[in-house]
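Working through the structure, step by step
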Amino acid sequence: MTNEIKHTMKTFDVAIVGGGPAGSSCAAFCALAGLRTLVLERERFPREKVCGDCLNPSCWPVLKRLGLTQRVWDLPHSKLTSVEFIAIDGHKVIVDLPTAEHCELSIKRSLFDDLLLKRACDLGVHVTEETTVTTLAHDGDWKIETGVHETLCARALVGADGRNSTVARLRNLLPRPARERVALQAHIPLPRNFGKRIVLQFLREGYSGQAPVNETELNLCLVGTPPTISRLRQWAQQNFEIAVDQPWRTITPLTRAPVPCPRENFLFIGDAARVVEPFTGEGIYYALRSGELAAGAIAKIISGKDRQFTLREFARASAEMYRGRLWINRLARAAVLSPRIGSLFVRAARINPSILKLLTAKIVSPKL
Ligand SMILES: Cc1cc2nc3c(=O)[nH]c(=O)nc-3n(C[C@H](O)[C@H](O)[C@H](O)COP(=O)(O)OP(=O)(O)OC[C@H]3O[C@@H](n4cnc5c(N)ncnc54)[C@H](O)[C@@H]3O)c2cc1C
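Summary of the structure given here.

Conventions and cut-offs
Residues numbered from 1 in each chain as written. Predicted model: local features only at pLDDT ≥ 70, side-chain atom pairs only at ≥ 80, totals over all residues. Heavy atoms only, no water. Helix = DSSP H or I, 4+ residues; strand = E, 2+ residues; numbered from the N terminus. Rg over C-alpha atoms; globule rule 2.2 N^0.38 Å. Buried < 20%, exposed > 50% of the residue type's maximum accessible area, 1.4 Å probe, protein only. Contact = heavy atoms within 4.5 Å. Lys, Arg positive; Asp, Glu negative; His and termini not counted. Charge placed at Lys NZ, Arg CZ, Asp CG, Glu CD. Expected span 1.5 Å × (residues − 1). Arc of directions from axis to C-beta. Near = heavy atom within 4 Å. Polar contact = N/O pair within 3.5 Å; in protein donor to acceptor, adjacent residues only side chain to side chain. Areas by Shrake-Rupley, 256 points an atom, 1.4 Å probe, with all protein chains shown as cover. Phe/Tyr/Trp six-rings, centres within 6.5 Å; stacked < 30°, edge-to-face > 60°. Salt bridge = Lys/Arg side-chain N within 4 Å of Asp/Glu carboxyl O.

Our focus in this paragraph is the overall build of the chain. When you go through the chain residue by residue, the secondary structure sums to 11 helices and 17 strands. Rg of the C-alpha trace for the chain: 20 Å, near the compact-globule value of 21 Å for 368 residues, within the 12% margin. With the C-alpha coordinates of the chain rotated into their principal frame, the extents come out at 60 × 40 × 40 Å. Taking all 368 residues of the chain together, 55% fall into the buried category. Long-range pairs, those at least 24 residues apart, make up 75% of the contacts in the chain between residues at least 6 apart in sequence. Charge-centre separation for the chain: the mean point of 50 positive side chains lies 6 Å from the mean point of 36 negative side chains.

Structure follows, in structure tokens:
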């Protein structure tokens, strides 16, 4: 994956900072629109990422437009058939997931993100890995300096660098985190007879998400506050086969306000634009789809369409993508910030499961 940039001051139509699902999707759609596209990625792929590794069924239409449906199926994965909600006292409610063509898969992010970035590369995108953006300046075009004292130039800039976006920070746009929580994640040996389910388990100290990612490994996520996270880790050590020296990936914050709307030739996508509650497992879809929307807007701007109109259109399409879903996000956040209330909800759902079934159906229902 090294269409390396050999010359300084090379000019691109669009520079995308971050090569996760948002950045790769945006880059691939930009390349398909004929734009000279650059991706600057801090890590070397393949790399893991703190995530539940679950692909919401909404991802399939975007993956199809990227020409990746079969290649995603070809990756080692688990086809998930149900979600099991477990209350603090152990009471459970099981909700079935769609099993048809648009089903829920879990795939390690090292494999999924690598496939997406490779697709962008195959479509002609210049990808530079292990590259950190250090300075951004705007004088009509964007001048981007990287850690290796290279200056790159692009007509449009996209921040796709995740929830702690450097691009937003360098432009003084990064909102303060609303409430500090921390997530830990690891791949551990798959417990025998775990099945093909996602487990969302409320615990006194926070919550845990679990899903098999292949025939031998379980994705285990723990979400708590800084004072409770070590107790959550102890809970995990007691309940799963975890090596003493098990490495855990970690990320914070899990909540912050969205960054302000786009201006100039400058857009944010994926987690850099808006961080959604991990509990609902929709972040990868928003990343892929916002990347596609941004590519459409940039192609129009570069071809000479009215910039302000196009940016307003992009903002409207982004809002449409979240329409009718953010209240579920707020509900999920309330439940996980107060696991006792979340547990009461699960217990109530044992008597009448229709609400939980409805919410789950809404989360996994097909989108564009
Ligand atoms: C605990 C947890 C569980 C989750 N579970 C799920 C789930 O099961 N399903 C789901 O759909 N979503 C889930 N999510 C959300 C999902 O992980 C994100 O929404 C998704 O990764 C967003 O993609 P992205 O491309 O916007 O950002 P990222 O995936 O974060 O990618 C950003 C990329 O930018 C790079 N980068 C960062 N800074 C720089 C820089 N300065 N210069 C260059 N590159 C940079 C990073 O290396 C990274 O590769 C979960 C999140 C958490 C925290």
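Our focus in this paragraph is helix H9 (residues 326-337). Compared with an ideal rise of 1.5 Å per residue, which puts 12 residues at 16 Å, H9 spans 16 Å between its outermost C-alpha atoms and is within 8% of the ideal. Among the residues of H9, those classed as buried are Ile328, Asn329, Ala332, Arg333, Ala335 and Val336. The arc that holds the buried residues of H9, viewed along the axis, is 160°, so those residues lie on one side. Among the structural elements, strand S13 (197-203), strand S14 (206-212), helix H10 (339-351) and helix H11 (354-363) are those in contact with the buried residues of H9.

Looking now at the site of the ligand. As a structural note, the neighbourhood of the ligand is formed by 37 residues, with Glu41, Gly52, Cys54, Asp271 and Ile284 the closest of them. For the ligand, an oxygen atom lies 3.2 Å from a polar atom in the backbone of Pro21. Gly52 has a polar backbone atom sitting 2.7 Å from a nitrogen atom of the ligand. Surface burial for the ligand is 96%, taken as the share of its 1,000 Å² of free accessible area covered by protein chains.

Further remarks concern H11. Considered for burial, the residues of H11 that qualify are Leu356, Leu359, Thr360 and Ile363. Along the axis of H11, the buried positions cluster into a sector of 95°, meaning they face one direction only. Tucked into the core, H11 has its buried residues touching strand S5 (82-86), strand S6 (92-96), H9 and H10.

Scanning the entire structure with this criterion turns up eight aromatic pairs. For the ring pair Trp142 and Phe266, a centre distance of 4.9 Å and an interplane angle of 50° mean the geometry is tilted. Of this pair, Trp142 sits in strand S10 (residues 142-146) while Phe266 sits in strand S17 (residues 266-268); the two residues are 124 residues apart in sequence, bridging distant segments of the chain. Each member of the pair Trp142 and Phe266 is classed as buried.

Attention now moves to the environment of Arg181. Examined against the element boundaries, Arg181 turns out to sit in the loop between helix H5 (166-170) and strand S12 (182-189). Of the residues examined, Arg181 reaches a relative accessible area of 3% and is grouped as buried. Through-space distance from the C-alpha of Arg181 to that of Thr310 is 36 Å; in sequence the pair is 129 residues apart. If near-sequence neighbours (up to four positions away) are discounted, Arg181 is found in contact with Val223, Gly224, Thr225, Ile251, Thr252, Pro253, Leu254, Thr255, Glu277, Arg333, Val336 and Leu337. One polar contact links Arg181 to Thr255, side chain to side chain, over a distance of 2.9 Å.

Another aspect to go through is the pattern of salt bridges. The full count for this structure, using the stated rule, is 20 salt bridges. Its salt-bridge partner being Arg289, residue Glu292 comes within 2.9 Å of it at the nearest N-O pair. Highlighted residues: Glu292 and Arg289, both in helix H7 (residues 283-302), separated by three residues, approximately one helical turn. By relative accessible area, Glu292 is classed as buried at 13%. Its salt-bridge partner being Glu320, residue Arg323 comes within 2.7 Å of it at the nearest N-O pair. Of the residues examined, Glu320 reaches a relative accessible area of 44% and is grouped as partly exposed.

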